[in-house]
Amino acid sequence: MKQRLFTPGPTELLPEAQVAMSGPLPHHRKDAFKKIFSETREMLRNVFKTSGDILVLASSGTGAMEAAVANLLSSGEEALVGVSGKFGERWVELCKAYGVRPHILAPGPGQAVDPAAVQSALKANSNLRAVFVQACETSTGVASDVEKIGSIVRRFENSCLVVDAIAALGVSPLQTEDWGLDVVVSGSQKAFMIPPGLSFVSISPKAWKKIETSKSPRYYFDFRKELKNQKEGQSAWTPAISLILGLHAALRWIDDFGLDRLVANANRLSRSTRAAAVALKLDQYSKSPANAVTALRVPDAIGGADLVERLREEFGVVVAGGQGELKGKIIRIAHLGYYDFVDTVGVIAALEITLKRLGYPVELGAGVSAAMKEYLRG
Ligand SMILES: *Cc1c(COP(=O)(O)O)cnc(C)c1O
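Since the model is a prediction, treat every value here as computed from it, not as a measurement.

Asks: Summarise the overall build of the chain; cite the residues concerned and give the values.
Replies: When you go through the chain residue by residue, the secondary structure sums to 13 helices and 14 strands. Its C-alpha atoms give the chain a radius of gyration of 21 Å, within 12% of the compact-globule value 21 Å for 378 residues. Dimensions of the chain along its principal axes, counting C-alpha atoms only, are 60 × 55 × 35 Å. Contacts spanning at least 24 positions in sequence make up 71% of the contacts within the chain whose residues lie at least 6 apart. Summing over all exposed atoms, the chain offers an accessible surface of approximately 15700 Å²; the carbon and sulfur share of this is 52%. Put simply, the chain has 45 plus and 39 minus side-chain charges, and the middle of one group is 2 Å from the middle of the other.

Asks: Go over the packing of helix H9 (residues 241–257) against helix H10 (residues 259–279) with me, naming the residues and quoting the values.
Replies: Between H9 and H10, the least distance of the axes is 6 Å, while the angle of their chain directions is 85°. By the criterion of interaxial angle, the relationship of H9 to H10 is roughly perpendicular. Counted together, Trp253, Ile254 and Phe257 of H9 and Leu259, Arg261 and Leu262 of H10 form the full contact between these two elements.

Asks: I'd like a description of the side chain of Thr138, backed by residues and values.
Replies: Mapped onto the elements of the fold, Thr138 is located in the loop between strand E6 (136–137) and strand E7 (142–143). With residues up to four places along the chain from it excluded, the contact list for Thr138 reads Pro8, Phe87, Ala167, Val293 and Arg332.

Asks: If you had to explain unusual backbone geometry to someone new, which residues and values would you point to?
Replies: Residues Gly9 and Pro10 are joined by a peptide bond in cis, for which omega reads -5°. Phi at Lys49 is positive, roughly 55°, even though this residue is not glycine. Here Lys49 shows up in the loop between helix H2 (31–48) and strand E2 (53–58). Look at Lys49 and you get partly exposed, because its relative accessible area is 31%. Despite not being glycine, Lys281 has its phi angle at roughly 60°, a positive value. With respect to the helices, strands and loops of the structure, Lys281 is situated in the loop between H10 and strand E11 (293–297). You can call Lys281 exposed: its relative accessible area is 68%.

Asks: If you had to explain the site of the ligand to someone new, which residues and values would you point to?
Replies: Lining the immediate surroundings of the ligand are 13 residues, of which Ser60, Thr62, Thr138, Asp164 and Lys190 lie closest. Note that an oxygen atom of the ligand is positioned 2.4 Å from one of the side-chain N or O atoms of Thr62. Gln189 is positioned with one of its side-chain polar atoms (N or O) 2.8 Å from an oxygen atom of the ligand. Contact with the protein chains covers 88% of the free accessible surface of the ligand, which is 380 Å². Mapped by element, the contributors of at least two residues to the shell around the ligand are helix H3 (61–72) and helix H4 (86–97). No other element matches the three residues that H3 contributes to the shell around the ligand. For the shell around the ligand, a count of residues per class yields five nonpolar, five polar and three charged.

Asks: Residues and numbers for the pairing of strand E10 (residues 198–203), please.
Replies: Burial of E10 is extensive: six of the six residues sit out of reach of the surface. Residues Leu198, Phe200 and Ser202 of E10 are buried on one face, and the alternating residues Ser199, Val201 and Ile203, pointing to the opposite face, are buried as well. Pairing of E2 with E10 involves six bridges; the strand directions are antiparallel. For Asp53, the partnering residue across the bridge sits in E10 and is Ile203.

Here is what the cut-offs are and how they apply
Each residue is numbered by its place in its chain's sequence as written, counting from 1. Whole-chain, interface and lining totals are the exception, using all residues; otherwise, since this is a predicted model, local features are given only for residues with pLDDT of at least 70 and side-chain atom pairs are given and counted only at 80 or more. With hydrogens and water excluded, all non-hydrogen atoms of the structure serve as input to the side-chain values. The way it works is that DSSP assigns letters per residue, a run of H or I at least four long becomes a helix, a run of E at least two long becomes a strand, and they are numbered from the N terminus. Throughout, the radius of gyration refers to the C-alpha atoms, and the reference size of a globule is 2.2 Å times the residue count to the power 0.38. Throughout, a residue-residue contact means that at least one pair of heavy atoms, one from each residue, lies within 4.5 Å. Per-residue and other accessible areas were derived by the Shrake-Rupley procedure at a 1.4 Å probe size, with only the shown protein chains allowed to occlude residues. The positive count covers Lys and Arg only, the negative count covers Asp and Glu only, and His and the chain ends enter neither. Working definition for charges: the position is that of NZ of Lys, CZ of Arg, CG of Asp or CD of Glu. Fitting a line to C-alpha atoms yields each axis, with helices limited to the stretch in contact; the angle taken between N-to-C directions then spans 0 to 180 degrees. These descriptions rest on fixed angle ranges, namely under 35 degrees for roughly parallel, over 145 for roughly antiparallel, 65 to 115 for roughly perpendicular, and the rest for oblique. With a 1.4 Å probe rolled over the protein chains alone, any residue whose accessible area is under 20% of its type maximum counts as buried; one over 50% counts as exposed, and the rest are partly exposed. Any residue with a non-hydrogen atom lying within 4 Å of a molecule or strand is treated as near it. Polar contacts, as counted here, are pairs of nitrogen or oxygen atoms within 3.5 Å of one another; within protein the pair requires one atom able to donate a hydrogen and one able to accept it, and residues that are adjacent in sequence qualify only if both atoms are side-chain atoms. Residue type decides the class: Asp, Glu, Lys and Arg count as charged, Ala, Val, Leu, Ile, Met, Phe, Trp, Tyr, Cys and Pro as nonpolar, and the leftover types, Gly among them, as polar. Note on pairing: two strands pair once DSSP finds at least 2 bridges between them.

Everything listed here is a matter of coordinates, which is why it stays silent on function.
Dropping the structure here:
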C-alpha cells in the first residue's frame, strides 16, 4: 500500500533530496564537500533569517536542545521554561540534567506561553539567565508568540531567549535576528523534508557572550569548537555527509519554491484542516493553533489508538496519536514541508470514512467541503 506520512516528524522526503543522498560520498575534508557545507550554512541563514552564526550538528533535534542548555548555562543558574506540552517538559529535564534550576511557566491545557507572564517572571527574578520556549509545541499543536517574547527578553541584558523552532521553521513566519531570538534550534526531519539526523542552531552575539563563560561540561557539542571548524566549511567531527547533501538539495528547492510560499502553504493547509474539523464537530486541542500540526480531540466513544491504526491500515495514512497523558485522546495531523492540498483533502476524506466506520456520526463530505471552501479563501 502507498504510505503517506502525516506525522509531525519524520515527514515525507523531498525526491530531489533523496536523489542527492543516494550518490557516492565526497570526503568531508576535501574542497568539494567544504563548498557544499558552506553553501548549506549560507542557505540555512536565509531560512532562519539571520546574518549571525549557524551550526549544523549530527543529531536529532534533542541533541541541539541539549547543546543549547550545555553551552549557554552553568550548574546553579536559573532559567524560565514555558511548558505547553511534552517538548516544553524536555527543556525542564535538560535544565535539571545540567544542574540548572528551571522555573516553570505552564499555561493551561492547549494554551500558548503568555508573553506578559514571561515579562513578569523576568522582572520578579533577576537571576533568570535564559528563557526557553517552543515556537510550535508539536505534542499539543500550540504556537506561542516568539516575536512578542523576543521583544520582551531583549530588554533584559542578562537573559537569553532560546527557541525550539524544530517544527516551526519553514512553516510559520520566524525572524531570528529581527525578533531578537538568541538561540534557535531546528531539525532535519520536519519542514526540511529530509530524514532525521541533523540539527541546526543559530547563535546571537548576546548568546555568544554567555557561552564564553558557561561552565557546563561539553565535548561533542562544543559550540566554540564547532564554529571555528564550520567557518572553514568543516565540522569538528565527521559530519552526516549524506544528510548534508540532502539538506543542500532541500534548501535549494526551498529557495526556488520560496520560503514565504512554503510558510503560506502550511498556513492555508492548517486552516483548511481546522475548517474540516469544525464541520465534522471534532474539537481542536490547541487554543493557539500552529501551522505545523493540527491536534484534534478524539470523540470519547472512539479510541484514539484505534483511529490511528485504522487510518494506517485502510489508507496508508500515518498520523500521530497523543503523547503522555494525551495518549488515545488526540490525533495529530501535520502540514509540514512536502505536503499539499491534495494530501490535505485525502487525509480528511480518509478521516471521515474511518470515523463513520467507527460509529461517529459523519455526513460524508462535510469536512472535505469545508476544507475546499477554506482553501479558496487563499
Ligand atoms: C520533533 C521535535 C523535537 C525534536 O525531537 P527529536 O526526536 O530529537 O528530533 C523537539 N521539539 C519539537 C517542538 C519537535 O517538534
